[in-house]
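Fold and geometry: a report
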Amino acid sequence: MGDVMDDILKIFFEECDELLPELESGLGELSAEESSQETINAIFRAVHSIKGGAASFGLDRLVRFAHVYESALDGLRSGQVEPDPAIIKTFFLAMDLLSDLVAEAKQAGDEVDGGRIDETVRKLEAIIGQGGDAPAASDVGETPVPEDFTPVTVDLGGFDFDEPAEEDGESSRPKLVVTFRPQAELYSRGDDARNLLLGLKELLPAEDAGAMDVTCNTQDLPVLSELAPEEACLGWTVRLPEPPGGTAEDDIQAVFDWVGDVCDFQIAREEQTDDTVEADAVESPAVQEMAPAVPVPAETVESEAQAAAPAAPAKSGRKREQNASIRVDIGRIGMLMDMVGEMVIGQASLESALTREGALYDPELLKRLAVIKTLTRDIQEAVMAIRAQPVRNVFQRMQRVVREASSLADKDVALVLEGEETEVDRTLIENLTDPLTHMLRNAVDHGIETPQARLAAGKPAQGTIWLSARHRSGRILIEIRDDGGGINTQRVLQTAIKRGIVPSGASLGENEINELIFAPGFSTAETVSDLSGRGVGMDVVKQAIQNLGGRVNIKSTQGKGTLFTLSLPLTLAVLDGMLIECRGSTMVVPVSSVVELVTVQLKDDVYTIPDGSHVVSVRGRCIPLIYLGDELTLPEVESVQEETHHMGRAGEEGQLIVLVVENEAGARAALVVDGVRDQAQVVIKSIEKNYRQIKGVSAATILGDGSVSLILDVSTLIVSATKRVDTRALEAIAERAA
């Protein structure tokens, strides 16, 4: 039984991980004045669902706080509280605290300070007081009722518990009858029946909002002298019209999901006739009298509803697609991805064996092999789609990072999110949180100026940071841009010299100075604070991004702001590569980086510039030339004659085969290679974990013949070549070539 409860608790925490981003997204819309009533309802439901699930597992601290938070949000939902900036800020603080309490319950975070809880509860209770008659949760059950008790007005949430209204005789739409009776445990959890009534009311479209009849069943309510305050005595009968498109039993069932174990309920259908109300095959209780309440399993409701109306029309478009997805442990998906990788290698091995020189040539066999190859790719893409997730969750988590950093730095900073639906491999998402956290904290602390400085510079007092994601050339680009003061290159250089990172008198270009902020131990902060000053953070960012096979680029304009661009692979599992040959070694170049393959003349197209570097003219554009064998320090080997069908082999002396490649920033270089063998899908294997880091190499793979091949890091090669080339010499050569 304990294992079963642990599994259910795990599901609860997974749902919290989904509900908390939904809560933050809704509060963000509320803050931007873009919210609707449905947004407010979604905010309330998120907190209510967390509270209900926590109560089921006895997570008392979480339940008590969520109840106060829910009560404050209820005032917002009922229109009794206006969401001004101060109230929205309190709701954000409460959301952060709720998230920390969930982490505490999950034992994934430190114990939340009680003083922080009390302070936030006081702020929420002040909001509750603005809403009118809702009691403060901290006072519930603690203050005795005085003898001179004066009745107070109770907010019934807009419900009228009189007798059901008479039908006008014009409507023949069937009605659903919901009868429920809470048990005492429901109230001890901090819940109440009104939330269930409001949940049922939200199921109705706007035009039917007034067609819901509610009757409070009081036949079990004793006289006041015999009333036991801890017992539940009331029940309710609710009649609501069935949606025109079909039944709504699943929606009703969802309202009772979190209270099914502490609330007895039934769902039935009644048909309207001229003079009577006739029940369907689903047993319906009397509207005026409470029937014996028995919990109704969801599958029972479904089967009975189908038996009652076999010819019912299609389900309503509002019905929740509860069976549209399933929860699968990420470890199983990872195992499946590993197996697909091995299948790709096995398929390549089979192809190599069947097509190698001397093998039996069978056209039919090769045709079947092509089918298997296509099927393997389809399976790989399907598994990749399963692993792909939008960056929304990690992006929305950054809102809290910016809020806390702004508070610590005493600055007013807004975070704007763009491209939240951009999908990327889950493994990357899991490793993006720390780098983005460091970069955003750095942007708030060092990038955005103080409100006074911004006003003096003619900028708005509130600074803005943009966090965006998009796909480009088979990679994902994440940009962090701010409208702050930009990087003070002179200050950065002086700090680097002072800390011994670069020698005194060093002459560095602007890009090289910008790169110094990633050096270990570098910090321009004068004092150590909660935000910065320890010389760690940005170096961690660069290392983390490099471990993911990515790169970081910086562009900064003094007085206008800074742009950080993170370039990352879409997946860490497979890629489409071009197999090239260089000095007897077979290497892989990502297809997404390849522009073209050309043959150039040494005499006419290759130029040597004064610093000894080489450039090549391709279609009137001069680009750095990289002799790949020299760049990677590969040993010289004797030339091996290849089959003529191996495209890309230089056919005459005085010619070079160059592969023009491009990085995500648009910079190009030409790789001198011996030949090009084929294009293939390869499985990425970390070379750093299994061997060591190699300059110009990002990873390795296993080819079909079992040999290991290196995957080139095109961007690193381009950057290295560009730094060596004098741009003024390039311009002069380009003019001469033109």
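Just above sits the structure.
In this report, we go over the structure that sits alongside the text. (Residues numbered from 1 in each chain as written. Predicted model: local features only at pLDDT ≥ 70, side-chain atom pairs only at ≥ 80, totals over all residues. Heavy atoms only, no water.)

With respect to the packing of aromatic side chains
To be explicit about the condition: Only rings of Phe, Tyr and Trp enter the pairing, Trp through its six-membered ring, and a pair is recorded when the two centres are within 6.5 Å. The plane angle decides the type: under 30 degrees is stacked, over 60 is edge-to-face, the rest tilted. Numbered from the N terminus, helices here are DSSP runs of H or I no shorter than four residues, and strands are runs of E no shorter than two. For each residue, the accessible area found with a 1.4 Å probe, counting protein chains only, is set against the maximum for its type, and the residue is called buried under 20%, exposed over 50%, and partly exposed in between. Criterion for a charge above a ring: Lys NZ or Arg CZ within 6 Å of the ring centre, and within 35 degrees of the ring normal.
A complete count under the given rule lists 8 aromatic pairs for this structure. Ring geometry for phenylalanine 65 against tyrosine 69: centres 6.2 Å apart, planes inclined by 45 degrees, an arrangement best described as tilted. Placement of both phenylalanine 65 and tyrosine 69 in helix α3 (residues 60-77) is noted, with a separation of 4 residues, approximately one turn of the helix. Both residues of the pair, phenylalanine 65 and tyrosine 69, count as buried. Taken together, the ring pairs connect Phe180, Trp236, Phe256 and Phe265 into an aromatic cluster. Between arginine 481 and the ring centre of tryptophan 466, over which it is positioned, the NZ or CZ distance is 4.2 Å.

Focus on the sheet that holds strand β7 (residues 413-418)
Cut-off, in case you're wondering: Only strands joined by at least two bridges in the DSSP assignment are considered to pair. Under this scheme, a helix contributes an axis fitted over its contacting stretch, all axes are lines through C-alpha atoms, and angles between N-to-C directions fall in the 0 to 180 degree range. We call two residues contacting when some pair of their heavy atoms lies within 4.5 Å.
Taken in spatial order, the 5 strands of this open sheet run β7-β9-β10-β12-β11, and their pairing is mixed. Edge positions in the open sheet fall to β7 and β11 (551-557), since each of these has one partner strand only. The average angle at which neighbouring strand axes cross in this sheet is 15 degrees, direction not considered. Pairing analysis gives 8 bridges linking strand β10 (residues 475-482) to strand β12 (residues 561-569), with the strands arranged antiparallel. Bridge pairing in β12 links isoleucine 480 to phenylalanine 564. In the packing of helix α12 (residues 392-409) onto the sheet, the strands contacted are β7, β9 (463-472) and β10, and the crossing angle to β7 comes to about 170 degrees.

Remarks on helix α11 (residues 363-387)
Quick reminder of the rule: The span expected for a helix works out to 1.5 Å for each residue beyond the first.
With 25 residues, α11 should reach 36 Å at 1.5 Å per residue; the first-to-last C-alpha distance of 36 Å fits that figure. Among all positions of α11, only Leu369, Thr376, Gln380, Val383, Met384 and Arg387 are buried. Packed against the buried residues of α11 are α10 (330-355), β6 (388-390), β8 (423-425), α13 (426-430), β13 (574-582) and β21 (675-683).

Topic: the sheet that holds strand β20 (residues 668-673)
In spatial order, the strands read β15-β19-β20-β18-β17-β16; together these 6 strands make up an open sheet with mixed pairing. Here the strands that pair on one side only, and so sit at the sheet edges, are β15 (594-601) and β16 (606-608). Taking each pair of neighbouring strands and ignoring which way they run, the sheet shows an average axis angle of 35 degrees. Note: strand β17 (residues 614-618) against strand β18 (residues 621-627), 4 bridges, orientation antiparallel. When the sheet's bridge partners are listed, valine 616 is paired in β18 with isoleucine 623.

A few points about the pattern of salt bridges
Basically, it comes down to this: Whenever a carboxyl oxygen of Asp or Glu lies within 4 Å of a side-chain nitrogen of Lys or Arg, that contact is scored as a salt bridge.
Applying the stated criterion across every chain yields a total of 31 salt bridges. Between arginine 181 and aspartate 220 there is a salt bridge whose closest N-O contact spans 2.4 Å. With a gap of 39 residues between them, arginine 181 in strand β1 (residues 175-182) and aspartate 220 in the loop between β2 (213-217) and β3 (235-241) connect regions that are remote in the sequence. For arginine 377, the salt bridge identified is with aspartate 576, shortest N-O distance 2.9 Å. With arginine 377 in helix α11 and aspartate 576 in strand β13, this residue pair connects regions lying 199 residues apart in the sequence. Residue class for arginine 377 comes out partly exposed when judged on its relative accessible area of 30%.

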